[in-house]
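Fold and geometry: a report
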Amino acid sequence: MVSPFLVPPDPRALSSAAISVPPINFRGWPSDPGGIEIGFSTEELTEPPATVATMPYYRMLAVGHPPALTLLRTGVCGRLSVASAALPGAFGLVILDGWRTRKFQRELVNYYSTDHDPVGAGFVSSADDPDFAPPHVTGGAVDLTISYNGIPLALGTDFDEFTPAAATDWYETHAVKGADAVLIRDLRRMFGNAMLKAGFAPYQQEWWHWSYGDQIWARFYGLQHSIYPAIDGP
């Protein structure tokens, strides 16, 4: 991992920012995709809207063979516009990763397996489970963060920092002490509320991972099947 990749938020720099958001209701975290049928869709992959910045982590890191462009399903891109518009003032969205080929998904599993078992730990999905379409391979999952005045922020951890603090609700379920921790909690709330407003579903273990139309999204919203299957390419 490039370290640091994202910038920790500075309470002094953000002292004038309008951050006033309620805690997030994560609906009891129904995120296990078991039993959710894989849907069918011919919706195309496309580049994100111009209102959302991109910072392609894996291309910058030169890991494996990531797609040459940052792509997502058309419906996901539309919802990102909604989420971006829900952020106040100088805040914006920055995409770190989008659609992946199945080959690249395997490469990520192998890359992170040098340190631990990323599949078993729930941080990287297997590319070869016949009952589960890897979220990023569907084009429905997006890794992203928020920026302030164009600077992408690390909300408690860096991107792909596979630690307990990466859990989306970590700052809701643990004691928050000090200005830095309070700011991170409030920024996660602001970010999460914007994404939920746009119809995305969170992933419990990674604050940066959100999805629309995949099996995890379907489970979160109490649906029986997803919208998007895995897709080989544009």
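Placed above this text is the structure.
Residues numbered from 1 in each chain as written. Predicted model: local features only at pLDDT ≥ 70, side-chain atom pairs only at ≥ 80, totals over all residues. Heavy atoms only, no water.

1. Remarks on the overall build of the chain
Inclusion rule: Helix and strand assignments come from DSSP, with helices taken as H or I runs of at least 4 residues and strands as E runs of at least 2, each series counted from the N terminus. What the globule rule says is 2.2 Å times the number of residues to the power 0.38, and the radius of gyration is computed from C-alpha atoms. Buried, partly exposed and exposed residues are distinguished by accessible area as a fraction of the type maximum, computed with a 1.4 Å probe on protein chains only: under 20%, between the cut-offs, and over 50%, respectively. It only takes one pair of heavy atoms within 4.5 Å for two residues to be counted as in contact.
For the chain, the count of helices and strands is seven helices and eight strands. For the chain, the C-alpha radius of gyration of 17 Å lies close to 17 Å, the compact-globule estimate for 234 residues. C-alpha atoms of the chain, sized along the principal axes, occupy 50 × 35 × 35 Å. Counting the 234 residues in the chain, one finds 53% classified as buried. Long-range contacts, defined here as pairs at least 24 residues apart, represent 77% of the contacts in the chain between residues at least 6 apart.

2. So, the packing of aromatic side chains
What counts, and what does not: Working definition: rings of Phe, Tyr and Trp (its six-membered ring) pair if their centres are within 6.5 Å, and the pair is stacked with planes under 30 degrees apart, edge-to-face with planes over 60 apart, and tilted otherwise.
According to the stated counting rule, one finds 18 aromatic pairs in the structure shown. Taking 5.1 Å as the distance between ring centres and 80° as the angle between the ring planes, the aromatic pair formed by Tyr57 and Tyr58 counts as edge-to-face. Each of the two residues, Tyr57 as well as Tyr58, counts as buried. Seen from their ring centres, Trp217 and Tyr221 are 6.0 Å apart, and the 55° between their planes marks the pair as tilted. On the basis of relative accessibility, which here comes to 8%, the residue Trp217 falls in the buried class.

3. Digging into the environment of Phe159
One can find Phe159 in the loop between β6 (151-152) and α5 (170-173). Taking relative accessible area as the criterion, Phe159 reaches 0% and is therefore assigned buried. When the C-alpha positions of Phe159 and Trp99 are compared, they lie 17 Å apart, and in sequence the two are 60 residues distant.

4. Notes on the nonpolar core
Using the following cut-off: Among buried residues, those of type Ala, Val, Leu, Ile, Met, Phe, Trp, Tyr and Cys that are joined through side-chain atoms within 4.5 Å constitute a nonpolar core.
One finds Leu80, Phe91, Leu93, Ile146, Leu187, Phe191 and Phe200 to be the most contacted residues of the largest nonpolar core, which totals 57 residues. At the level of secondary structure, the elements contributing two or more residues to this core comprise α1 (57-61), α2 (74-85), β4 (91-97), α3 (102-112), β5 (141-148), α6 (179-197), β8 (206-211) and α7 (215-220). If one sorts the elements of this core by residue count, α6 sits on top with six residues.

5. Description of the side chain of Glu107
So the rule is basically this: In this count, Lys and Arg are taken as positive residues and Asp and Glu as negative ones, while His and the chain termini are left out. The salt bridge criterion pairs a side-chain nitrogen of Lys or Arg with a carboxyl oxygen of Asp or Glu, the two atoms within 4 Å. Here a polar contact is recorded for every N or O atom pair within 3.5 Å, except that within protein the pair must consist of a potential hydrogen donor and a potential acceptor, and residues adjacent in sequence are included only if both atoms are side-chain atoms.
Relative to the elements of secondary structure, Glu107 occurs in helix α3. One buried charged residue, Glu107, forms no salt bridge at all, with the nearest opposite charge on Lys103 at 4.6 Å. Of the polar contacts made by the side chain of Glu107, one reaches the backbone nitrogen of His65; its length is 2.6 Å. Not counting chain neighbours up to four residues away, the residues in contact with Glu107 comprise Gly64 and His65.

6. Observations regarding α2
Worth spelling out the cut-off: Here a helix's expected span is defined as the number of its residues, less one, multiplied by 1.5 Å.
If you check α2, its first and last C-alpha atoms are 17 Å apart, about what twelve residues at 1.5 Å a residue would give, namely 16 Å. Those residues of α2 that sit buried are Gly75, Val76, Cys77, Leu80, Ala83 and Ser84. Tucked into the core, α2 has its buried residues touching β1 (45-46), β3 (72-73), β4, β5 and α6.

7. Some remarks on the environment of Phe132
Relative to the helices and strands, Phe132 resides in the loop between α3 and α4 (135-138). Classification of Phe132 as buried rests on a relative accessible area of 13%. Separated by 33 residues in sequence, Phe132 and Ala165 place their C-alpha atoms 26 Å apart.

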